[in-house]
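Results of the structural survey
Take a look at the letters that make up each chain.
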Amino acid sequence: MTRTPEQIFHDHGQALGSGDLDRISANYAEDAVFVTPSGVLRGREGVKRGIGALLGDLPNAAWELKPQFADDVLFLEWSAATARVRVNDGVDTFVFRDGLIQAQTVRYTLVAEEG
């Protein structure tokens, strides 16, 4: 049975919390496309690099997610904060196919915390 986008996203969130890049990338199709402002990453290895960079920017962050599903697409607004940096304008779009994430776009701006 194919997983729904909601189920995939739930598992993806748990994997992000673990920081396990292999587990995270298992939620993506082998030919997945991961689009960032700095370029396009392809395949599960590209996803690992992209997600690894995001997690590297926001280690042990407190996350707030606002997902909106429409069939096989998810629009996600998010914010995250650490003691040093925060993101207030995170926006991702996910496209799901056959129980996996086929494509994702990512955009966010890191802002240094004052103090």
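Residues numbered from 1 in each chain as written. Predicted model: local features only at pLDDT ≥ 70, side-chain atom pairs only at ≥ 80, totals over all residues. Heavy atoms only, no water.

The protein chain goes by SnoaL-like domain-containing protein in an unreviewed UniProt entry, where it is assigned to Streptomyces iranensis.

What follows is about helix α1 (residues 5–18). Taking 1.5 Å per residue, 14 residues should reach 20 Å; α1 reaches 20 Å between its end C-alpha atoms and fits that length. Of the residues flanking the end of α1, it is Gly19, one or two places downstream, whose phi is positive at about 75°. (Helix = DSSP H or I, 4+ residues; strand = E, 2+ residues; numbered from the N terminus. Expected span 1.5 Å × (residues − 1).)

Our focus in this paragraph is the side chain of Gln102. Tracing the chain through its elements places Gln102 in strand β6 (residues 100–107). Looking at Gln102, its side chain comes within polar contact range of the side chain of Arg97, at 2.7 Å. If near-sequence neighbours (up to four positions away) are discounted, Gln102 is found in contact with Ala29, Asp31, Ala32, Val33, Val95, Phe96 and Arg97. (Polar contact = N/O pair within 3.5 Å; in protein donor to acceptor, adjacent residues only side chain to side chain. Contact = heavy atoms within 4.5 Å.)

Turning to the UniProt feature "domain: SnoaL-like" (unreviewed entry) in the protein chain, a few remarks are in order. UniProt's entry tags residues 14–102 with the feature "domain: SnoaL-like" (unreviewed entry), counted in the numbering of this structure. End C-alpha to end C-alpha, residues 14–102 measures 19 Å, and it is 28% helix and 53% strand. (UniProt positions renumbered as here; feature names shortened; annotations may be inferred.)

Another point: the environment of Arg23. With respect to the helices, strands and loops of the structure, Arg23 is situated in helix α2 (residues 21–25). The sequence separation of Arg23 and Phe34 amounts to 11 residues, and the corresponding C-alpha distance is 16 Å. Residues contacting Arg23, with those up to four places away along its chain left out, are Asp11, Gln14, Ala15 and Ser18.

What follows deals with the environment of Gly43. Mapped onto the fold, Gly43 is located in helix α3 (residues 43–57). Considering only alpha carbons, one finds Gly43 and Phe9, 34 residues apart in sequence, at a separation of 18 Å. The contacts of Gly43, once residues within four sequence positions are left out, are Glu30, Asp31 and Ala32.

Its place among the elements puts Asn27 in the loop between α2 and β1 (28–36). Given the relative accessible area of 1%, Asn27 is considered buried. There is a polar contact of 3.1 Å between the side chain of Asn27 and the side chain of Arg3. Not counting chain neighbours up to four residues away, the residues in contact with Asn27 comprise Arg3, Ile8, Asp11, His12, Ala15, Leu100 and Ile101. (Buried < 20%, exposed > 50% of the residue type's maximum accessible area, 1.4 Å probe, protein only.)

This next bit is on unusual backbone geometry. Among all residues save glycine, negative phi is the norm, and among peptide bonds the norm is trans. Despite not being glycine, Asn60 shows a phi value in the positive range, around 55°. If you check the backbone angles, Asp71 has positive phi at about 55° while not being a glycine. Structurally, the position occupied by Asp71 is in the loop between β3 (62–70) and β4 (73–81).

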